[in-house]
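Inside the fold
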Amino acid sequence: MGTAVSIELADDRPESSLRELIDDVCRWLHEVDARFSTYRDDSEVMRMRRGELTVATCSDDLRHVLDACADLWRDTDGYFDAYAGGPLDPSGYVKGWSVEVASARLAAAGSTNHYINAGGDIRMRGLHPDGVPWRVGIRHPWDAGKVSWVLAMTDGAIATSGTYERGDHVINPRTGQPARGLRSVTVVGPDLALADAYATAALAMGEPGLTWLAKLATDGFESAVVTDDGRAFSSANLPAAV
């Protein structure tokens, strides 16, 4: 998926059992990469771009992702758009979704304490090995050696979308131009697939995304934002560490 993934298991289980769990997660993530990558000519996404696959002939996973992207396009007033750059690219949903599924697979296999980080998109459950909530630093968008917020959570997802590492990779679909106004958007909530997509959509909106993010609190999603001119905003129930 073009990023590094780290997996930490804090369950009191034999090492062989923990390794099996990690192997299962890695197999799943490699399967996702093979199916959805926009860098592999043989992926389902690329085959659909070329017209070699249709919704009727693609996998159940790709069909789910396409349906989810359509729902998000509607729910974000078009700002989350898998076609914003032209050809189909569901990457803004797939990374978060794949990690959410990986966490659910771990939980189903009995892992109640774990932490998965895929390029800054994070899903955690339970407790850190030290018996305390997981702590996550949200990177300062201008100084990689500093953090803007530190969050503490026992069960939930954190997704950040910004322009400080990958440059102008998020497009405002209304203008067709790179998003402007927000430097960094972090969304925290119960589901990483949605948190990831919401962060991307808000970044695409620019400053109007601040008002839109505030409405997500009723669904359990909190947010933290840094604007292009350095102002910082966070929602009232952001799980900031004390």
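All values reported here derive from a predicted model rather than from experimental measurement. (Residues numbered from 1 in each chain as written. Predicted model: local features only at pLDDT ≥ 70, side-chain atom pairs only at ≥ 80, totals over all residues. Heavy atoms only, no water.)

Re the overall build of the protein chain
The test is simple: We count a stretch as a helix when DSSP gives it H or I for four or more residues in a row; a strand needs E for two or more, and each element gets its number in order from the N terminus. Two things to know: the radius of gyration comes from C-alpha atoms, and the globule rule equals 2.2 Å times the number of residues to the power 0.38. Throughout this description, buried means an accessible area under 20% of the type-specific maximum (1.4 Å probe, protein chains only), exposed means over 50%, and partly exposed covers the range between. Note on contacts: a residue pair qualifies if any of its non-hydrogen atoms lie within 4.5 Å across the two residues. Charge counting follows a simple rule: Lys and Arg are positive, Asp and Glu are negative, and His as well as the terminal groups are ignored. To locate a charge, the coordinates of NZ of Lys, CZ of Arg, CG of Asp or CD of Glu are taken.
For the protein chain, the helix and strand inventory stands at 6 helices and 11 strands. In terms of overall dimensions, the protein chain is globule-like: its C-alpha atoms have a radius of gyration of 18 Å, near the 18 Å expected for 242 residues. Here the C-alpha coordinates of the protein chain stretch approximately 50 × 45 × 30 Å along the principal axes. Buried positions account for 45% of the 242 residues belonging to the protein chain. The contacts of the protein chain with a sequence gap of at least 6 include a subset with a gap of at least 24, amounting to 59%. The distance from the centre of the 23 positive side-chain charges to the centre of the 35 negative ones in the protein chain is 3 Å.

Details of the pattern of salt bridges
The test is simple: Definition used for salt bridges: Asp or Glu carboxyl oxygen within 4 Å of a side-chain nitrogen of Lys or Arg.
Following the criterion strictly, the structure yields 20 salt bridges and no others. Residue D143 pairs with K146 through a salt bridge whose shortest N-O separation is 3.9 Å. Several salt bridges converge on common partners, so that one network encompasses E31, R35, E44 and D61.

Digging into the packing of aromatic side chains
Note on aromatic pairs: each is described by the distance of the centres and the angle between the planes. The test is simple: Ring pairs shown here join Phe, Tyr and Trp side chains whose ring centres sit within 6.5 Å, with only the six-membered ring taken for Trp; geometry is labelled stacked below 30 degrees between planes, edge-to-face above 60, and tilted in between.
For the coordinates displayed, the defined rule picks out 6 aromatic pairs. With centroids separated by 5.6 Å and ring planes inclined at 80 degrees, the aromatic side chains of Y198 and W212 adopt a geometry described as edge-to-face. One end of the pair, Y198, is in helix α5 (residues 192-205); the other, W212, is in helix α6 (residues 208-215), with 14 residues separating them in the sequence. Each member of the pair, Y198 together with W212, is buried. Taken together, the aromatic side chains of W28, F36, Y93 and W97 make up a single cluster linked through ring pairs.

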